[in-house]
Amino acid sequence: MYFVNGWPKVFSLGEIKENILEVKYNFDGTLIAITTETTISIWSGDQHRILLGSFVRQAAFITREGLNRQITWKKDSTSIALSTTNGYVLVFLINSSPQSKLLQYKFDQTHHYIELAQKVAVHLAQLHQILIPHGGATCISGDGEKIFIGTNEGYLFTMLWSGKLHDILFLRSVFPPTSPSHTDTSTLSCITYSEKLKVFGLIFSDGRGGFIETVTGGKLRGEWLRKKGSVCIDINSQHRLIAIGCENGKIKLLPLTKDQTSRKLSLYTWGIDSKVTGAVQQVQWTHDGCALAVGWKKRGLSVWSIYGCRLMCTIPQLEGSVPRSSSSSYHEPLRDGVSTIAWGPEGYHCLVADTVTQGQFLQFSFLRSCPNMNCTERMLLQGEDRILFLCKQKRDPSDLSWDHHQIPQTYLADNWPMKLVSPSKDGTHWAVSGRRGFTIYNSISNRWKLFGDRYQEQAISCCALCWYGENVIVANHSQDPEKYEILIYPRTYLSNTVLLHRSDIPRQPVFLDCNDRYLIILTADSFFYQYLITVSFQRIDPNKGEEITSIKLTLVHQISMASITSHITSFLLLPQEAPLPSRLSSSNLKNLYSVESSKCLLLHSSGVLSLANLDDQGLQITMASSVEQFWFGANTFSQKDLGNTLWAYGEIGVQVWFPFLDSEDMQAMRLMSRDKSLEFDLEVYPIGS
């Protein structure tokens, strides 16, 4: 989950003194396009904000084609498309300057931007200008390969980046009529597209909102979600939700599947109504679909979890009952409303522009709880350049503080942003992975361990991480050749010369977990692979004990859960009942192949928490619904203390199972009724216990 960190940074467009209309990241998050009424600016999208270049449209072309409106990126970041107020779509080519050293530029303390005259890193050149038929373009979106264009007369065009109109759809032909006498002449005012779900989200000028999906036979089907009052829309591909911002300042969360219920987000609980905020201006989900940013036209920005926990808000509490005072010492960000919102890579940054200040935008920084951290004794948050541990003071255990551990700049320079964090079972070491490679933090020595060979580091693209004893298990997406593989490294030294294991896996992995007997791999298409771990020992140093020289993984079981309609967002492998022999002979190795399959906890994108038995039937028992996350109190699973307690947080608060591991029979897992005292304030989000 996401938690705002510090005061927002302010960035200037330099000499451009116009209101910002839209901020849009490219597909890999390395570049940002910012448009005003007459200009387009390109900024760096990585860790630091650098103005790379800009394009100012000439007055004669503005008179003919109109002012700027919306933008969308080509997937390879070589072009952007721009819609205008006179119904045109303009396509621009982005040329980089290879001789430019701008990304290595050292800023003076007093400068917030660089004068472009000497240090332009990109150039924009206009390639095509196309007047869209049927009333002209009113909104655009894209999937990186094609441009989707909505028109004044309710048509949806598909255009190639060459400027050729490829396809046309009359929207009235796929949507059912709202009433027998209704004549649909509404303008398409907002469009968004989910490439993963192949779904369009649409808003019309009369306030209706709906979506279009592909059904059996390749036909398109439209469905209305709201018949009035809709302003903006965004699709959550991970959780199959559509967020619609409304004129009354509320946000509707509407499911694309029948196994979920609709929800409503509103600031009314905190004494803030639509008279203060106005209508919703924009809604945007984070890349993982776990949080939603909402900006209002008149005032304020807020961030929510999918089940309604308010994670941040720029409007002071109960401000709705207190009149505005210009003499207040508190400077409220976005007091005059929001014009556009854009989430950065991995959700560490949220870029926002207001409706009044010209030539400036704000950057809010966020920390986030580590995904799939369901079983650890230490509370942890990850930032864009650090990990934070929650520490107790020795003299006063009730005195808590966050201990910051900066990730080495040597690693960050090539591999920002941080994506994965995985703790060792004893909690003393942490594997941290960014865009490439990984690094290990030793909390005892307070040191980081890096690859000595940068080529080996850059050859690793981590899909998932976990630990086996003192060894790191990496699910790697290899680029040369294209394949997925499992790598196992000792934590003492990161080099391919000491690699303990390398083997290919047939599908894309998304989760790894290990209980010191088995390694479980969950793939993107819902396949589970269960591997038996066997270890080879050798005494290398006569003054030390035996050391692991190699690790073997033997596939003993696999099961497909492809029939599950919702994908899995979190996964935890439970411990085996019987201990593992210290040495495995050929005879007891055969016996282990026939042991009962592993059990695990699965959290589905639909919010269902289930206990699964990874046998041939793949039996699942539903434990709770509308759950955002779950965790154990400790990683020991002890039946004598609260380490044997399962916690789950979601729409109804916190639910508790204690004792959880009290029977070998899955059906005998005991559910404690939710205690009313475990209801949480709507601004408090638990991350562990």
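Residues numbered from 1 in each chain as written. Predicted model: local features only at pLDDT ≥ 70, side-chain atom pairs only at ≥ 80, totals over all residues. Heavy atoms only, no water.

1. Overview of the nonpolar core
At step 1: Leu301, Val303, Leu311, Phe364 and Phe366 are the most contacted members of the largest nonpolar core, which has 28 residues in total.
At step 2: Per-element accounting of this core gives the leading share, four residues, to strand β29 (residues 360-369).
At step 3: Not counting the four nearest positions on each side in its chain, phenylalanine 366 is found in contact with Tyr2, Phe3, Val4, Asn5, Val303, Met312, Trp343, Gly347, Tyr348 and Cys350. (Core = buried A, V, L, I, M, F, W, Y, C linked by side-chain atoms within 4.5 Å. Buried < 20%, exposed > 50% of the residue type's maximum accessible area, 1.4 Å probe, protein only. Helix = DSSP H or I, 4+ residues; strand = E, 2+ residues; numbered from the N terminus. Contact = heavy atoms within 4.5 Å.)

2. Here's the deal with the sheet that holds strand β18 (residues 220-226)
At step 1: Taken in spatial order, the four strands make up an open sheet running β15-β16-β17-β18, and their pairing is antiparallel. Where the open sheet ends on each side, the last strands, each with one partner, are β15 (188-194) and β18. The sheet shows a mean angle of 20 degrees between the axes of neighbouring strands, taken without regard to direction.
At step 2: As paired strands, β15 and strand β16 (residues 199-204) are joined by six bridges and run antiparallel to one another. Along β16, the bridge assignment pairs tyrosine 193 with phenylalanine 200. (Pairing = 2+ DSSP bridges. Axes fitted to C-alpha atoms, helices over the stretch in contact; angles between N-to-C directions.)

3. A closer look at the pairing of strand β46 (residues 599-604)
At step 1: Across the six residues of β46, six count as buried, placing the element largely inside the fold.
At step 2: Residues Lys599, Leu601 and Leu603 of β46 are buried on one face, and the alternating residues Cys600, Leu602 and His604, pointing to the opposite face, are buried as well.
At step 3: Where strand β45 (residues 568-573) lies against β46, five bridges are found, and the strand directions are antiparallel. Within β46, the position partnered with leucine 573 by the bridge is cysteine 600.
At step 4: The pairing of β46 with strand β47 (residues 609-613) spans five bridges and is classified as antiparallel. Bridge pairing links lysine 599 to asparagine 613 in β47.
At step 5: Here β46 folds back onto β47 in antiparallel fashion, the turn holding four residues, of which glycine 607 has a positive phi close to 95 degrees.

4. Brief notes about the confidence of the model for the protein chain
At step 1: Of the residues in the protein chain, 82% have a pLDDT of 70 or more, and the chain-wide mean is 83.
At step 2: In the predicted structure, residues 578-595 sits below a pLDDT of 50 and forms 21 contacts with residues beyond four places in sequence or in another chain.
At step 3: A low-confidence stretch, residues 663-677 stays under pLDDT 50, and its non-local contacts, those more than four residues away or across chains, total 29 contacts. (pLDDT = per-residue confidence, 0-100.)

5. So, the packing of aromatic side chains
The description of an aromatic ring pair rests on the distance of the ring centres and on the angle between the ring planes.
At step 1: The tally for this structure, following the rule as stated, stands at 26 aromatic pairs.
At step 2: Aromatic pair tyrosine 155 and phenylalanine 170: ring centres 4.6 Å apart, planes at 25 degrees, arrangement stacked. Pair noted here: tyrosine 155 is in strand β13 (residues 155-159) and phenylalanine 170 is in strand β14 (residues 165-170), with a separation of 15 residues, a long-range link.
At step 3: Assessed through its relative accessible area of 26%, phenylalanine 170 is described here as partly exposed.
At step 4: Pairing tyrosine 441 with tryptophan 448 gives two aromatic rings, centres 5.0 Å apart and planes at 45 degrees, and the pair type is tilted. (Phe/Tyr/Trp six-rings, centres within 6.5 Å; stacked < 30°, edge-to-face > 60°.)

6. A look at the pattern of salt bridges
At step 1: Counting across every chain of the model gives 21 salt bridges.
At step 2: Where arginine 435 meets aspartate 46, a salt bridge forms, and the shortest distance between an N and an O atom there is 3.3 Å. Here arginine 435, found in the loop between β34 (429-433) and β35 (439-442), pairs with aspartate 46, found in the loop between β5 (39-44) and β6 (51-56); they are 389 residues apart in sequence, far enough to count as distant.
At step 3: By relative accessible area, which is 27% here, arginine 435 ends up partly exposed.
At step 4: One salt bridge in this structure joins glutamate 65 and arginine 57, with 2.9 Å as the shortest N-O distance.
At step 5: Sharing partners across several salt bridges, the network here consists of Lys483, Glu485, Arg502 and Asp504. (Salt bridge = Lys/Arg side-chain N within 4 Å of Asp/Glu carboxyl O.)

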